[in-house]
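Each chain, written out:
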Amino acid sequence: MVVIVYSAFLFLVAIMVFYLVRHYLFSLTALYKRKGQSFYALHSLSFRPTVTILIPAKDEEAVLGRLLHRITQLTYPKEQMDAIVIDDASTDDTGRIADEFAEAYSYFKVVHRSVGVGGKGKSSALNQALGHAKGEILICFDADYYPQADIIEKLTAYFADPEVGAVQGRVTVLNEHSTWVSRLVALERTGGYRVDQLARDNLGLIPQYGGTVCGVRRDLMESLGGWDTTALTEDTDLTFRVYLAGYKVRYVNEAECYEEAVETWKAYWHQRHRWAKGHMQCCFKHLIPLVKSRNLRLREKIDGVLLLNVYFVPIVVGLSWLLGAAIFFLWPTNWFESIWNLLPVFLYSSVGNFALFFEVGVAVYLDGRVRLGLLIPLLLFSFVFNTLVCFKALLDLCYSKIVGKKMHGWAKTLHNGGKTN
Amino acid sequence: MLSSGQISAAKSFASETPQLVIRLLDGSDLTLALTWQRSGLGSIAIFTLIFLFLLFPLEGSMWRKIVWLEVGFILGVTWSFIRLSIAVLAAYHFGAGAFTVAEFLTGPFTDFFWIVSVWALALSAMISAKVNR
């Protein structure tokens, strides 16, 4: 019994050490391997593909107008782009706001989905828009986002490389100062994009397509059969489908877009729960095809496996805490106490949603954010939260598998357009 | 801390490691070996590693980094003393079992909180200097 518990504990610690090293390498890469945006500089003037912007929206009257107005200000040639708003069975003024823009600007289109047809989730809405899209490149924005004026140039420049199937821009929190939760989300976002995504792009690994502030080739989407309507996180799902199809995803750090982050722990819980569940779902779906695929290099496969399992890490951490506590009280030895002393390092720095404390630290250093850096110790709270979220997500996923419950539908975050909750 | 808790303590010279003997409220003696794991050296070693690998490589004044490292050392030693005192007080008032529980609860979890806090403060100071430059 003792041997089994000790072995299990050491196995879990080994997994955490693996992730720890991985993210330390990412941090060093972000610090010392600073690639510029050569594609943007070289191709932005000559490479101008036609673009269709997709905006799936359900009950987004508080924020949609802001995004649509911003789209009218984009510097990309309007004759080369159009924008499709998918009003997915909204019960508020979302459809009316979209119609007003469609009347005022010829490059806006609105697809209204009735209650019977729509309301089946973002993937379903995007699939309907795919049938109307004319652009070579599809760019997706969630309704609460606010892009840079030249974001399309920056994102599309990478498609000059025929191997690139999708691109992802950087997400920055717009309402950072609203609450402590939004501050913590801002920290996580900073670390996740400025270091994690950028390092994976620089190292030739797998940057993640994030489902918003991103672009994908229309012909690739059509050949893949559109977005998977059964996937809870269609973005992660698409990342791996793109790679399995022989294409790559690139991350464009300079293509920034602001988002409205969650402001309460309850909203944080719901958002992360969906992400965790969807990510785990993707892991079950793509893990074996990824390992077997001939379209990926070894380093991409290794990173892909680690990426697919990233939401299991908080569970590993939680289990190692339980095992560590059991060993500490039941079978204490001096050598174990040494490991126990080290465990929190692995625990704190290996956990969850790209919220590794040193990765975040390096990111705020690179961004020059003094005050944000002071909040890093508070990531401990989101760590504890994420551990619980991931445990619950795994249990729910297993339950859904056992009873055959379908999981698609809108699991959206409520946005208030900057008004305090 | 010990005298304020009116705990009688003694050192056993027959042991290879320093011993702390606490006479509990029920009159029995609790003997603790002051191993290096209990000394706080582990936390300070982790702190030093984090500094070496995650702060020293950053641009900035070496003196500033060394000052922050010293601040961390002082805080680490102070916290180790407070932590051990809390565990001893718990043992004195609630018995031998309470020592282990208190040591567990005040151990790595809070250790790491000060480690990350000092690191974050030092990092912010480095960022501030970089921005000002």
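Further up the page is the structure itself.
This write-up is about the structure you can find in this document. Just so you know, these numbers come straight off a predicted model, no measurement behind them.

## Side note on the overall build of chain A
Link 1 in the chain: A tally of regular secondary structure across chain A gives 16 helices and 8 strands.
Link 2 in the chain: In chain A, which comprises 421 residues, the proportion classed as buried is 60%.
Link 3 in the chain: The long-range share in chain A, meaning contacts at least 24 apart out of those at least 6 apart in sequence, stands at 83%.
Link 4 in the chain: Roughly 16,300 Å² of accessible area belongs to chain A as shown, and the carbon and sulfur atoms make up 61% of that amount.

## Details of the overall build of chain B
Link 1 in the chain: Within chain B one finds 5 helices and 3 strands.
Link 2 in the chain: Taken from the N to the C terminus, the helices and strands of chain B come in the order β-β-β-α-α-α-α-α.
Link 3 in the chain: Buried residues in chain B amount to 47% of all 133 residues.
Link 4 in the chain: Counted over contacts in chain B with a minimum sequence separation of 6, partners at least 24 positions apart contribute 58%.
Link 5 in the chain: For chain B, the accessible area works out to roughly 6,800 Å², and carbon and sulfur atoms hold 69% of it.

## Describing the nonpolar core
Link 1 in the chain: If you look at the biggest cluster of nonpolar residues, it comprises 64 residues, and the most contacted ones within it are L54(A), L138(A), Y209(A), V216(A), W227(A) and M280(A).
Link 2 in the chain: Those residues within four positions of W227(A) in sequence are excluded, and the remaining contacts are L54(A), S123(A), L126(A), N127(A), L138(A), C140(A), Y209(A), V216(A), M221(A), E234(A), L238(A) and R241(A).
Link 3 in the chain: L187(A), F357(A), I46(B) and W79(B) belong to the second-largest nonpolar core, a separate cluster that totals 42 residues.

## A word on the pattern of salt bridges
Residue and element names in this part refer to chain A.
Link 1 in the chain: Going through the model one piece at a time under the given rule, you end up with 23 salt bridges over all chains.
Link 2 in the chain: Between K122 and D142 there is a salt bridge, with its nearest N and O atoms 3.0 Å apart. Within this pair, whereas K122 is found in helix α5 (residues 122-130), its partner D142 is found in the loop between β4 (137-140) and β5 (146-147), the two being separated by 20 residues in sequence.
Link 3 in the chain: Among the salt bridges present, the one from E176 reaches R369, with a minimum N-O distance of 2.6 Å. With E176 in the loop between β6 (164-173) and α7 (180-202) and R369 in the loop between α14 (357-367) and α15 (370-373), this residue pair connects regions lying 193 residues apart in the sequence.
Link 4 in the chain: What makes E176 buried here is its relative accessible area of 8%.
Link 5 in the chain: A network of salt bridges, in which partner residues are shared, links D228, D237, R241 and K285.

## With respect to the packing of aromatic side chains
The geometry of two aromatic rings is summed up by the distance between their centres and the angle between their planes.
Link 1 in the chain: Counting across every chain of the model gives 19 aromatic pairs over all chains.
Link 2 in the chain: Judged by centre distance (6.2 Å) and plane angle (20 degrees), the rings of F101(A) and Y105(A) are stacked.
Link 3 in the chain: A relative accessible area of 14% means that F101(A) is categorised as buried.
Link 4 in the chain: Y105(A) sits in the partly exposed class, given a relative accessible area of 30%.
Link 5 in the chain: Note on Y105(A) and Y107(A): the rings are 5.7 Å apart at their centroids and 45 degrees apart in plane angle, and the pair reads as tilted.
Link 6 in the chain: Judged by its relative accessible area of 12%, Y107(A) falls in the buried class.
Link 7 in the chain: Site record: aromatic cluster; members linked through ring pairs are Y24(A), F357(A), F358(A), F53(B) and W119(B).
Link 8 in the chain: Lying over the aromatic face of W180(A), R183(A) brings its terminal NZ or CZ to 4.9 Å of the ring centre.
Link 9 in the chain: In this arrangement the basic side chain of K130(B) is found over the ring face of Y365(A), its NZ or CZ atom lying 4.2 Å from the centre.

## Digging into the side chain of S124(B)
Link 1 in the chain: Tracing the backbone through its elements, the reader meets S124(B) in helix α5 (residues 108-132).
Link 2 in the chain: Its relative accessible area of 3% is what places S124(B) among the buried residues.

## Section: a nonpolar patch on the surface
Link 1 in the chain: Taken together, the side chains of F329(A), L330(A), V101(B) and L105(B) define a hydrophobic patch exposed on the protein surface, amounting to about 380 Å² of accessible area.
Link 2 in the chain: Every element with two or more residues in the nonpolar patch is listed here: α12 (313-330) of chain A together with α4 (96-105) of chain B.
Link 3 in the chain: Positionally, L330(A) belongs in helix α12.

## Regarding unusual backbone geometry
All names here are of chain A.
Link 1 in the chain: A positive phi is found at A89, a non-glycine position, where the angle reads about 55 degrees.
Link 2 in the chain: When you line up the elements, A89 lands in the loop between β2 (81-88) and α4 (94-104).
Link 3 in the chain: If you check the backbone angles, V213 has positive phi at about 55 degrees while not being a glycine.
Link 4 in the chain: Following the sequence through the fold, V213 ends up in the loop between α7 and β7 (214-217).

## Brief notes about helix α9 (residues 234-244) of chain A
All names here are of chain A.
Link 1 in the chain: Counting buried residues along α9, 10 of its 11 residues qualify, which places the element largely inside the surrounding structure.
Link 2 in the chain: Within α9 the residues assigned to the buried category are E234, D235, T236, D237, L238, T239, F240, R241, V242 and Y243.
Link 3 in the chain: Positive backbone phi, approximately 95 degrees, marks G246, located one or two places after α9.

What counts as what
Residues numbered from 1 in each chain as written. Chains lettered and ligands numbered in written order. Predicted model: local features only at pLDDT ≥ 70, side-chain atom pairs only at ≥ 80, totals over all residues. Heavy atoms only, no water. Helix = DSSP H or I, 4+ residues; strand = E, 2+ residues; numbered from the N terminus. Buried < 20%, exposed > 50% of the residue type's maximum accessible area, 1.4 Å probe, protein only. Contact = heavy atoms within 4.5 Å. Areas by Shrake-Rupley, 256 points an atom, 1.4 Å probe, with all protein chains shown as cover. Core = buried A, V, L, I, M, F, W, Y, C linked by side-chain atoms within 4.5 Å. Salt bridge = Lys/Arg side-chain N within 4 Å of Asp/Glu carboxyl O. Phe/Tyr/Trp six-rings, centres within 6.5 Å; stacked < 30°, edge-to-face > 60°. Lys NZ or Arg CZ within 6 Å of the ring centre and 35° of its normal. Patch = residues over 30% accessible without salt bridge, like charges linked within 9 Å, V, L, I, M, F, W, Y side chains within 5 Å.

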